[in-house]
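Spelled out from the first residue to the last, the chains are:
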Amino acid sequence: MSFNKLFRKKSVAAITDAEGHGTGLHRVLTVRDLTFFGIAAIIGGGTFSAIGNACFAGGPGVIFLYIICAVACGFTAMCYAEFAARVPASGSAYTYAYVTFGELFAWIIGWALLMEYSIGNIYIAFSWSGYFTNLVPGIPEWLTTNYTSAHQAFLANKPGEGLTAWLTAPQIGGLHIIFDLPAVLINLIITALVFVGTKESRNISNVMVMIKLLIIVLVIIVGCFHVDINNWTPFMPHGFNGVMAGVSAVFFAYIGFDAVSTLAEESKNPQRDLPRGMIYSLIICTVVYIILSLVLTGMVSYELLGVSDPLAEIFKIKGVKWMLFIVSIAAVVAMTSVLLVFQMGQPRIWMSMSRDGLLPKKFSDIHPKYKTPGFATIITGLVVGIPIFFTDENFVLDFTSIGTLFAFVLVCGGVLILPRNTNAKEKGKFKMPYINAKWIIPVITVIGFAAIFKIYPNSVYSNDANTSYNYPIIIFYIAWIIIALFTFLRNYSLIPVLGLLSCCYLLTGMGWTNWLMFSIWLLIGLVVYFLYGYKKSKLNVKG
């Protein structure tokens, strides 16, 4: 095995030439469609479910974490936009990593994105089911609960839906028949819709985005009349560590914007419209999240928000019963649109990996009638659908967020490696402004460290009784210094450097169990690569 072959790269010209012609995908998406797809992906589980856990962990001060995540995603979106303008092909961060870091890193990113899109959809499917059962009562508990949650409730003898499901479920040979039927069915429906076509998915997604935005505006307006500003005191009840504890839940709310970049080959003008679609959707959704988190923590104490359906819970507590039905409808619509966009994104990444020989050729097959990656779409449906029977939502929430942040880090780093585009800006084509960070980042580093150790001198120490040092933050400080040094030596551009630093900082909020699960996942991916992709790669030239 040649070490150099692990980092073989594809040229931008080769990708755009090979993937820009004869793919058979329909170019039907405009900047409005792409913006709506971005909003469809972002406003969903993070709005109607994960936001409750974030507010519970950080109190009203969680808005700072939303702002930090939005800034990190904003810088990252600029990097995605730069790549999208220069490499207008499907594949998202996978394709971009192939151009800059080489094949091994491209595979790792593609494997990590499987966590974001497919595994993330498992969490959304569970959340969708919870709100759907509010609208359609009477379904037996053993058909609305996942097996893992029911078994854990039984072992802990914890009263509630899980225990009821375990005690009332039919059995076959001693095995309790418990599964989340609504979650399974919505996955089947979404898979079928994505299989049929992009245009049909676009039309339905746009309608759902309009509906959920109108209902969220209604929630904010009605909620404002029930805000008690005393609930905003203390603003950060658990300090900034408490705010950062919600990073998985908050960042999960943002992971959808990059799904827009997987639709390059179905965009009418990808070099112009993809960057705009990502950035517009990110700005709109950030404003919505900040206002919504303030309304939530203003209506009730943050201590009451650690539930799976926080928007329904606040109106239940306030006795505004007519809003419960509306919120449930909005949640079902919102999460359906998220499922739709994520289920569209994953097959297109697999399609790109298949074209490169890293996956079997079948994954890049285009359906002759519907002009979609049919086989990859079906496999995506299975990857989402099968784990619904044996996993739970808490596991996949943390799992998804760390994989996405890892992908974002490599995207920002990849832009730094790309040769700087010195050509004059073409009309209508995005070009990220180059701001020489040679002195800016070192100055920010010095001022930043001085401020941190003045205001928060114990930042390197952990609040965890099991360890004396905060190792993630120590590693981040070391990475910060190294990045600042390379920026000074190589005149890196400011925006991708800030994106790299902010995403690395967000990774410090992940617990050791998150890193352990992610490491195991990457190890499995590397085994698959070396057994198949390394040998089958189209760049594998024997010599």
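Per chain, the residues get numbers from 1 upward, laid out in the order the sequence is written. At least 70 in pLDDT is required for a residue's local features to be given in this predicted model, at least 80 for side-chain atom pairs to be given and counted, and no such filter applies to totals for whole chains, interfaces and linings, which use all residues. Side-chain figures throughout are based on the complete set of non-hydrogen atoms in the structure, without hydrogens or water.

1. Quick notes on the overall build of the protein chain
Phase 1: Tallying secondary structure elements over the protein chain gives 21 helices and two strands in all.
Phase 2: For each residue, the accessible area found with a 1.4 Å probe, counting protein chains only, is set against the maximum for its type, and the residue is called buried under 20%, exposed over 50%, and partly exposed in between. Considering the protein chain as a whole, with its 543 residues, one finds that 56% of them fall into the buried category.
Phase 3: Note on contacts: a residue pair qualifies if any of its non-hydrogen atoms lie within 4.5 Å across the two residues. Counting contacts in the protein chain only where the partners sit at least 6 residues apart, residues at least 24 apart contribute 84% of the total.
Phase 4: The method behind every accessible area is Shrake-Rupley, applied with a 1.4 Å probe, and residues are considered shielded solely by the protein chains displayed. Working note: accessible area of the protein chain is about 22,200 Å², and carbon and sulfur atoms make up 68% of it. Going along the chain from the N terminus, every DSSP run of H or I of four or more residues is numbered as a helix, and every run of E of two or more is numbered as a strand.

2. Some points on the nonpolar core
Phase 1: Nonpolar core, defined: a set of buried Ala, Val, Leu, Ile, Met, Phe, Trp, Tyr and Cys residues in which side-chain atoms within 4.5 Å join the residues together. Core analysis: the biggest nonpolar cluster contains 161 residues, and Phe48, Leu65, Tyr66, Tyr94, Tyr131, Tyr254 and Phe315 have the highest contact counts within it.
Phase 2: If one sorts the elements of this core by residue count, helix 6 (residues 103-135) sits on top with 18 residues.
Phase 3: If near-sequence neighbours (up to four positions away) are discounted, phenylalanine 315 is found in contact with Val219, Val222, Gly223, Met299, Val320, Met323, Leu324 and Val327.
Phase 4: Counting five residues, the second largest nonpolar core, distinct from the first, contains Ala165, Trp166, Ala169 and Ile178.

3. Comments concerning helix 7 (residues 147-155)
Phase 1: Taken residue by residue, helix 7 has Thr148, Ala150 and Ala153 as its buried positions.
Phase 2: Buried residues along helix 7 sit against helix 8 (161-168).
Phase 3: Of the residues flanking the end of helix 7, it is asparagine 157, one or two places downstream, whose phi is positive at about 50°.

4. Describing the packing of helix 2 (residues 31-42) against helix 15 (residues 321-355)
Phase 1: Helix axes use the C-alpha atoms of the stretch in contact, all axes being lines fitted to C-alpha atoms, and the angles between their N-to-C directions lie in the range 0 to 180 degrees. Two numbers describe how helix 2 lies on helix 15: the axes approach to 7 Å, and their chain directions differ by 115°. Judged on the interaxial angle alone, helix 15 and helix 2 are roughly perpendicular. With respect to the hand of their crossing, helix 2 and helix 15 are arranged in left-handed fashion. Side by side, helix 2 and helix 15 meet where Phe37, Ala40 and Ala41 of the first sit next to Ala334, Ser337, Val338, Val341, Phe342 and Met344 of the second.
Phase 2: Amino acids outside the nonpolar list (Ala, Val, Leu, Ile, Met, Phe, Trp, Tyr, Cys, Pro) and the charged list (Asp, Glu, Lys, Arg) are all regarded as polar, and Gly is one of them. Along the lines of polarity and charge, the residues of the contact of helix 2 with helix 15 split into eight nonpolar, one polar and no charged. Here roughly perpendicular refers to angles of 65 to 115 degrees, roughly parallel to angles under 35, roughly antiparallel to angles over 145, and oblique to all remaining angles. Each crossing gets its handedness from the near helix: less than a right angle anticlockwise from the far helix is left-handed, clockwise is right-handed.

5. Remarks on a nonpolar patch on the surface
Phase 1: Within this analysis, patches are made of residues with over 30% relative accessible area and no salt bridge. Like charges are joined at 9 Å or less; nonpolar side chains (Val, Leu, Ile, Met, Phe, Trp, Tyr) at 5 Å or less. Here, a salt bridge means any side-chain nitrogen of Lys or Arg that lies within 4 Å of a carboxyl oxygen of Asp or Glu. On the surface, Phe64, Ile67, Val71, Met236 and Phe240 cluster together into a nonpolar patch covering about 370 Å² of accessible area.
Phase 2: Mapping phenylalanine 240 onto the fold places it in helix 11 (residues 239-244).

6. With respect to the confidence of the model for the protein chain
Phase 1: Per-chain confidence: the protein chain averages 80 in pLDDT, with 87% of residues scoring 70 or above.
Phase 2: Averaged pLDDT values for the elements of the protein chain fall to 57 in helix 1 (residues 12-19) and rise to 91 in helix 19 (residues 471-490). Confidence of the prediction at every residue is given by pLDDT, a number between 0 and 100.

7. Describing unusual backbone geometry
Phase 1: Along the chain, threonine 233 connects to proline 234 via a cis peptide bond; the corresponding omega equals -5°.
Phase 2: Among the structural elements, proline 234 can be located in the loop between helix 10 (198-224) and helix 11.
Phase 3: The backbone phi angle of asparagine 491 is positive, close to 55°, even though this residue is not glycine.
Phase 4: Its location among the elements puts asparagine 491 in the loop between helix 19 and helix 20 (494-507).
Phase 5: Using a relative accessible area of 30% as the deciding quantity, one classes asparagine 491 as partly exposed.

8. Here's the deal with the pattern of salt bridges
Phase 1: Across all of its chains, the model carries three salt bridges by this definition.
Phase 2: Among the salt bridges present, the one from glutamate 103 reaches arginine 8, with a minimum N-O distance of 2.8 Å. In this pair, glutamate 103 is assigned in helix 6 and arginine 8 in the segment before helix 1, connecting sequence segments 95 residues apart.
Phase 3: You can call arginine 8 buried: its relative accessible area is 10%.
Phase 4: Notably, a salt bridge pairs aspartate 365 with lysine 362, separated by 3.6 Å at the nearest N-O pair.
Phase 5: A residue is classified by how much of its surface remains accessible, and lysine 362, at 44% relative accessible area, is partly exposed.

9. Observations regarding the packing of helix 9 (residues 181-196) against helix 15
Phase 1: Orientation of helix 9 relative to helix 15, taken along the N-to-C sense of each, is 55°, at an axis distance of 9 Å. In terms of orientation, helix 9 and helix 15 fall into the oblique class. The element helix 9 and its partner helix 15 pack so that their crossing is right-handed. Residues Ile186, Asn187, Ile190, Thr191, Leu193 and Val194 of helix 9 form the contact with helix 15, whose own contacting residues are Thr336, Leu339, Leu340, Gln343, Met344 and Arg348.
Phase 2: A breakdown of the residues in the contact of helix 9 with helix 15 according to their chemical character gives seven nonpolar, four polar and one charged.

10. Examining the packing of aromatic side chains
Pairs of aromatic rings are described using the distance from one ring centre to the other and the angle between the two planes.
Phase 1: Whether two aromatic rings pair depends on their centres lying within 6.5 Å, for rings of Phe, Tyr and Trp, where Trp uses its six-membered ring; planes under 30 degrees apart make the pair stacked, over 60 edge-to-face, and the rest tilted. Going through the model one piece at a time under the given rule, you end up with 25 aromatic pairs.
Phase 2: For the ring pair tryptophan 128 and phenylalanine 132, a centre distance of 4.8 Å and an interplane angle of 10° mean the geometry is stacked. Taken together, the residues span about one helical turn, with tryptophan 128 and phenylalanine 132 both in helix 6 at a distance of four residues.
Phase 3: According to the relative accessible area criterion, tryptophan 128 is buried, its value standing at 7%.
Phase 4: Its relative accessible area of 25% is what places phenylalanine 132 among the partly exposed residues.
Phase 5: Plain terms: the ring middles of phenylalanine 449 and tyrosine 477 are 5.2 Å apart, the flat faces sit at 65° to each other, and that makes the pair edge-to-face. With phenylalanine 449 in helix 18 (residues 440-455) and tyrosine 477 in helix 19, the pair connects residues that are 28 residues apart, well separated along the chain. Exposure class is identical for phenylalanine 449 and tyrosine 477. Each is buried.
Phase 6: Taken together, Trp107, Trp111, Trp521, Tyr529, Phe530 and Tyr534 form an aromatic cluster joined through their ring pairs.
Phase 7: For arginine 8, the ring lying beneath its charged end belongs to tyrosine 534, and the centroid distance is 5.0 Å. Counting as a charge over the ring demands two things of the Lys NZ or Arg CZ atom: a distance within 6 Å of the ring centre and an angle within 35 degrees of the ring normal.

11. Observations regarding the side chain of threonine 445
Phase 1: Residue position: threonine 445 is located in helix 18.
Phase 2: Polar contact is the term for a pair of N or O atoms within 3.5 Å; when the atoms are in protein, one must be able to donate a hydrogen and the other to accept it, and sequence-neighboring residues count only if both atoms are side-chain atoms. Within the structure, the side chain of threonine 445 is placed 2.7 Å from the backbone oxygen of isoleucine 441, a separation counted as a polar contact.
Phase 3: For threonine 445, the residues in contact, after removing those within four places along its chain, are Trp480 and Ala484.

12. Focus: the side chain of serine 293
Phase 1: Structurally, serine 293 can be placed in helix 13 (residues 270-299).
Phase 2: Since its relative accessible area comes to 0%, serine 293 is described here as buried.
Phase 3: For serine 293, the residues in contact, after removing those within four places along its chain, are Ile51, Cys55, Val62, Ile63 and Tyr66.

13. What about the environment of threonine 297?
Phase 1: Tracing the sequence through the fold places threonine 297 in helix 13.
Phase 2: Its relative accessible area of 0% is what places threonine 297 among the buried residues.
Phase 3: Along the primary structure threonine 297 and glycine 61 are separated by 236 residues, whereas in three dimensions their C-alpha atoms are 9.3 Å apart.
Phase 4: Every residue in contact with threonine 297, bar those within four places of it in the chain, is listed here: Cys55, Gly59, Pro60, Asn231, Trp232 and Leu305.
Phase 5: At 3.4 Å, the side chain of threonine 297 and the side chain of tryptophan 232 are in polar contact.
Phase 6: Polar side-chain contacts of threonine 297 include one of 3.4 Å to the backbone oxygen of leucine 294.

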